Amino acid sequence: RMFVQVCLYFYCKCLWRCLKFVVRKLTGRCELQRICYNTKPGAARTMKIEASLKGSKSKRLQTSVSVHPDAIEKTIDDIMELKRINPDINPQLGVSLQACLLQIVGYRNLVAEVEKLRREPYDSENPQHEEMLLKLWKCLKPNSPLKARISKQWCEIGFQGDDPKTDFRGMGLLGLYNLVYFAERDTGIAQQVLSDSLQPKYSQFSKAEWEKKKFDKAIGYSFAIVGINITDLAYNLLVSGALKTHFYNVAPEAPTLTHFQQTFCYLMHEFHKFWIEEDPLDIMEFNRVREKFHKRILKQLQNPDMALCPHFAASESLINM
């Protein structure tokens with residue numbers, strides 16, 4: 001059975017290469033040209049370009065998706081030369097390929113940057129780490145001064161104990177970076193989500209207001225812990241490549257950490273609404289709700305035109321490529 005599968009694989013591979021050769025002869029254009037001229041800019045084009053380069057029999061083309069950003073222009077020249085494409089006759093092709101490569105290389109670098117933050121543990125002896133943690137409190141609870149660094153007050157924003165440092169073990173500094181970004185950049189929304197996530201006795205809403213908002217049956221959750229958990233979800237979407245659809249549609253050039261953090265803010269807000277809609281019986285249903293939410297996001301990202309949170313609109317120049 002394995003022998004048959006191997007034979008079938010090589011047969012299909014050879015058949016595909018022959019088909020590409022015939023199409024090039026008929027159209028006078030290589031696969032990269034056909035993709036750039038026939039596919040609109042964004043995820044659809046960039047993902048096809050990426051697949052074409054990775055699947056090429058040429059090592060130079062295969063490695064072009066992992067070059068340093070400073071080497072992209074030289075790489076485009078190499079691709080044009082290898083494919084025997086005259087840049088003077090096809091000036092727009094080089095521009096389009098450059099935009100795609102910036103996104104592809106940028107995504108790889110973003111994965112590395114996010115992974116580095118995830119692997120760096122929270123260090124209470126590091127003044128910068130401590131400063132970020134205190135900033136999180138100030139953003140979420142501006143009218144309630146923190147009485148001590150080690151305090152039960154941390155439970156008010158959803159940490160499990162007196163010292164939040166133990167809760168960052170799974171996602172390292174990445175969890176803290178995301179929470180602080182959310183609390184600092186989308187302060188109003190973050191404070192509202194925190195308020196809504198608490199049990200009614202801690203909420204700013206009266207009982208009547210909760211009933212009107214249909215929050216009366218919804219059980220609360222730990223804001224900070226859920227934030228770290230949603231960081232894990234965003235991280236897995238990133239490293240699996242699922243977020244390529246979103247980032248290739250919203251980042252006109254290389255996606256950055258800011259794009260990732262904006263995506264986290266979106267996921268936090270959407271998960272909160274989803275939690276309310278699901279109306280779980282108790283907190284033990286968290287994993288079920290999270291998994292259902294994860295599948296919903298994955299399904300959305302299967303659409304090549306999907307942009308989860310189009311905060312970063314592509315420039316007109318990119319749209320016209």
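Above this text sits the structure in question.
Residues numbered from 1 in each chain as written. Predicted model: local features only at pLDDT ≥ 70, side-chain atom pairs only at ≥ 80, totals over all residues. Heavy atoms only, no water.

### Here we look at the overall build of the chain
Thinking step 1. Each helix and strand in the chain was counted, giving 15 helices and 0 strands.
Thinking step 2. Across the 321 residues of the chain, 45% fall into the buried class.
Thinking step 3. Long-range pairs, those at least 24 residues apart, make up 66% of the contacts in the chain with a sequence separation of at least 6.
Thinking step 4. Total accessible area computed for the chain in this model is approximately 17600 Å², and 55% of it derives from carbon and sulfur atoms. (Helix = DSSP H or I, 4+ residues; strand = E, 2+ residues; numbered from the N terminus. Buried < 20%, exposed > 50% of the residue type's maximum accessible area, 1.4 Å probe, protein only. Contact = heavy atoms within 4.5 Å. Areas by Shrake-Rupley, 256 points an atom, 1.4 Å probe, with all protein chains shown as cover.)

### Let's talk about the pattern of salt bridges
Thinking step 1. Here the structure, examined in full by the defined rule, presents 17 salt bridges.
Thinking step 2. Linking D78 and K74 is a salt bridge whose minimum nitrogen-to-oxygen distance equals 3.0 Å. Taken together, the residues D78 and K74, both in helix α5 (residues 72–82) and 4 residues apart, mark about one turn of the helix.
Thinking step 3. Classification of K74 as exposed rests on a relative accessible area of 51%.
Thinking step 4. Through salt bridges with shared partners, a single ionic network connects E278, E285, R288 and K292. (Salt bridge = Lys/Arg side-chain N within 4 Å of Asp/Glu carboxyl O.)

### Topic: the packing of aromatic side chains
Thinking step 1. Applying the stated criterion to the full structure yields 15 aromatic pairs.
Thinking step 2. Judged by centre distance (6.3 Å) and plane angle (15°), the ring pair of F182 and F223 falls under stacked. Linking F182 in helix α8 (residues 172–185) with F223 in helix α11 (residues 223–239), this pair joins segments that are 41 residues apart in sequence. In this pair, the class of F182 matches that of F223, namely buried. (Phe/Tyr/Trp six-rings, centres within 6.5 Å; stacked < 30°, edge-to-face > 60°.)

### Concerning helix α7 (residues 127–140)
Thinking step 1. With 14 residues, α7 extends 20 Å between its outermost C-alpha atoms, agreeing within 8% with the 20 Å of an ideal straight helix rising 1.5 Å per residue.
Thinking step 2. Along α7, the residues classified as buried are H129, E130, M132, L133, L136, W137, C139 and L140.
Thinking step 3. Regarding α7, its N-cap is N126, as a side-chain oxygen of that residue lies 2.9 Å from the backbone nitrogen of Q128 further along. (Expected span 1.5 Å × (residues − 1). Polar contact = N/O pair within 3.5 Å; in protein donor to acceptor, adjacent residues only side chain to side chain.)

### Some thoughts on the packing of α11 against helix α13 (residues 257–278)
Thinking step 1. Interhelical geometry of α11 versus α13 gives an angle of 125° and a closest axis separation of 10 Å. By the angle between their axes, α11 is oblique relative to α13. Our pair here, α11 against α13, has a crossing hand that is right-handed. Residues F223, V226, G227, I230, T231, L233, A234, Y235, L237 and L238 of α11 form the contact with α13, whose own contacting residues are F260, F264, L267, M268 and F271.
Thinking step 2. Each residue belonging to the contact of α11 with α13 can be placed in one class, and the counts come to 13 nonpolar, 2 polar and no charged. (Axes fitted to C-alpha atoms, helices over the stretch in contact; angles between N-to-C directions. Parallel < 35°, antiparallel > 145°, perpendicular 65-115°, else oblique. Left-handed = near helix turned anticlockwise from the far one by under 90°. Nonpolar A, V, L, I, M, F, W, Y, C, P; charged D, E, K, R; others polar.)

### Structural notes on α13
Thinking step 1. Here α13 contains 22 residues, and its C-alpha end-to-end distance of 31 Å stays within 8% of the 32 Å for a straight helix at 1.5 Å per residue.
Thinking step 2. Backbone geometry just downstream of α13 places D279 in the positive-phi region, at approximately 50°.

### Observations concerning the state of the cysteines
Thinking step 1. Evaluation of the coordinates by the stated rule reveals 0 disulfides.
Thinking step 2. Looking at the unpaired C36, the closest cysteine sulfur is the one in C100, lying at 5.4 Å.
Thinking step 3. In this structure C265 is not part of a disulfide, and its nearest cysteine sulfur, from C309, lies 8.1 Å away. (Disulfide = S-S within 2.5 Å.)

### Some details on the nonpolar core
Thinking step 1. Counting residues in each nonpolar core, the largest one holds 84 residues, and the members touching the most others are I49, L97, L136, L176, F260 and L267.
Thinking step 2. In this view, L97 contacts L32, C36, I49, I76, I79 and M80; residues no more than four positions away in its chain are not counted. (Core = buried A, V, L, I, M, F, W, Y, C linked by side-chain atoms within 4.5 Å.)

### Considering unusual backbone geometry
Outside of glycine, negative phi angles account for most residues, and trans bonds account for most peptide bonds.
Thinking step 1. The phi torsion at R84 lies on the positive side, around 55°, for a residue other than glycine.
Thinking step 2. Within the secondary structure, R84 sits in the loop between α5 and α6 (91–119).
Thinking step 3. Note on R84: relative accessible area 71%, which makes it exposed.
Thinking step 4. Even without glycine at this site, D279 takes up a positive phi of about 50°.

Worth remembering: the numbers are spatial, not functional.
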